Amino acid sequence: MSTLVFLEHHEGELLKPSLGVLSKAADLGGDVAGVVLGSGVRELAAGAGAYGASKVYVADKPELEKPLPQPRVDALAALIGEQGFDTVLFAATVLSADVAAALSARLSAGLNWDLTDLVQQDGSLIGKRPALGDSVLVDVGWTNEPRLALIRSGTFDPKETGGEAQVEEFDVQFEDFSLGATMIEQAHAESEGPSIEDADVIVAGGRGLGSPENFKLVEELAQALGGAVAATRAVVDAGWYPYATQVGQTGKTVSPKLYIACGISGAIQHKVGMQSSGVIVAINKDPNAPIFEFCDLGVVGDLHEIVPKLTELVRQRKS
Ligand SMILES: Cc1cc2nc3c(=O)[nH]c(=O)nc-3n(C[C@H](O)[C@H](O)[C@H](O)COP(=O)(O)OP(=O)(O)OC[C@H]3O[C@@H](n4cnc5c(N)ncnc54)[C@H](O)[C@@H]3O)c2cc1C
């Protein structure tokens, strides 16, 4: 097996999830190399040796300064073509998911994503992928090479083994279309209060809110309770609320002490992300909404009347 691990970096450091994937690749055996792409990143490459890379390839180019996928796809496609890696691993992030998907299309190579383990079984590489709301693990494989895999972020801890990597620079010819996109701005989202992963109380809003402006109802209740605001995919997809707040199968899994669902139907894909909450309260005007089948306390009624009253009561109690 000859494996290439895409090593992502931020503010002058290789990211831990990438180094964890590198350590896992080293455990699996064979030739393991890393690749660092960026501008002013030569110094970073050698550090990967300590985590199991015998070689680290570097493309240090101004075109790779911004975290845009297509120039990275050019670089990886060229390197894989030259060196003939049979396996290419990525720790899942927004950028690496874009890069892996585009590389899969460019090379007509199979991509398995959201893997939580990789094992050698009867001489073949097998990926383990959680399915059905993480309740089962599915074995997945590849029918051709290179085998591309995105590993769920944080699955593997980096293991420092103290080795040294040979660093080799390589040149990249960029396709015109790969340089067509420019990044105009990159900013960190500022948020007040606890994040949904850490909050003891979550107030979640769904399509029943009726409009993005009505999210202020859940925000006010969350603020009164010292909690965080979450959302369903339906409202995130509609652009009503940020993706980072999505709870469910394709969002985050949360388990606060109290989860208040406002105008949420309780679809299975939402349920799997919040079912382990301590107490689930549902406010929904439809008595047949599925959420009433698994909540601890259900209120049938119009959230526009109930939520402001609840917020007011909480504020009164607190004062
Ligand atoms: C592959 C896949 C992955 C998915 N991943 C996720 C995921 O991660 N997270 C997720 O949330 N969804 C996910 N979904 C979508 C999911 O199937 C549902 O479509 C979504 O959860 C529904 O969101 P909702 O409850 O906000 O909207 P709806 O299902 O439209 O429900 C709105 C609810 O609001 C109630 N309501 C309306 N007006 C009021 C009012 N005035 N007062 C009180 N109640 C009111 C209605 O009775 C209704 O029950 C996924 C779907 C697929 C296919």
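Residues numbered from 1 in each chain as written. Predicted model: local features only at pLDDT ≥ 70, side-chain atom pairs only at ≥ 80, totals over all residues. Heavy atoms only, no water.

### A short note on the domain arrangement of the protein chain
Put simply, the test is: Boundary definitions for the domains trace back to an automatic or database domain assignment.
Here the protein chain is described as being made up of domain 1 (2-179) and domain 2 (201-318). On a C-alpha basis, the centroid separation for the pair domain 1 and domain 2 is 37 Å.

### Overview of a nonpolar patch on the surface
The condition that has to hold: Like charges within 9 Å and nonpolar side chains (Val, Leu, Ile, Met, Phe, Trp, Tyr) within 5 Å are joined into patches, using only residues over 30% in relative accessible area that form no salt bridge. Here the accessible surface of atoms and residues is derived via Shrake-Rupley with a 1.4 Å probe, and residues count as covered only by protein chains that are part of the display. For this analysis, a salt bridge means a side-chain nitrogen from Lys or Arg found within 4 Å of a carboxyl oxygen belonging to Asp or Glu. Helix and strand labels come from DSSP, where a helix needs a run of H or I of at least four residues and a strand needs a run of E of at least two; each type is numbered from the N terminus. Each residue's exposure class comes from its accessible area (1.4 Å probe, protein chains only) as a fraction of the maximum for that residue type: buried when under 20%, exposed when over 50%, partly exposed otherwise.
Where nonpolar side chains cluster on the molecular surface, the patch consists of Leu132, Val136 and Val138 and spans about 260 Å² of accessible area. Looking at the secondary structure, you find Val138 in strand 10 (residues 136-140). Exposure remark for Val138: the relative accessible area of 33% places this residue in the partly exposed category.

### Observations regarding the sheet that holds strand 17 (residues 297-300)
Under the convention used in this document: For two strands to be treated as a pair, DSSP must find no fewer than two bridges joining them. All axes are obtained by fitting lines to C-alpha atoms, using only the stretch in contact for helices, and the reported angles, taken between N-to-C directions, cover 0 to 180 degrees.
Strand order across the open sheet formed by five strands is 14-13-15-16-17, with parallel pairing between neighbours. Unpaired on one side and paired on the other, strand 14 (228-231) and strand 17 mark the two borders of the sheet. Strand-to-strand twist of the sheet, defined as the mean angle between neighbouring strand axes without regard to direction, takes the value 20 degrees. Note that strand 13 (residues 201-205) and strand 15 (residues 258-262) share five bridges and pair parallel.

### What to know about the packing of aromatic side chains
The following threshold applies: Aromatic pairing here means that ring centres of Phe, Tyr or Trp (its six-membered ring) are within 6.5 Å. Orientation follows from the plane angle: under 30 degrees is stacked, over 60 is edge-to-face, and everything else is tilted.
Counted under the stated rule, the structure contains four aromatic pairs. With a centroid separation of 5.4 Å and 45 degrees between ring planes, the pair formed by Phe6 and Phe90 is classed as tilted. Of this pair, Phe6 sits in strand 1 (residues 2-6) while Phe90 sits in strand 6 (residues 87-91), and the two are 84 residues apart along the sequence. Taken as a pair, Phe6 and Phe90 share a single burial class, namely buried. Ring geometry for Tyr57 versus Phe85: centroids 6.0 Å apart, planes at 80 degrees, classification edge-to-face.

### Some remarks on the sheet that holds strand 8 (residues 117-121)
Read from one edge to the other, the open sheet built from three strands follows the order 8-9-10, with strand pairing classed as antiparallel. A strand with exactly one partner marks an edge of an open sheet, and here the two such strands are strand 8 and strand 10. In this sheet, neighbouring strand axes are inclined to one another by 35 degrees on average, regardless of whether the strands run parallel or antiparallel. As paired strands, strand 8 and strand 9 (residues 124-131) are joined by five bridges and run antiparallel to one another. Within strand 9, the position partnered with Val119 by the bridge is Ile126.

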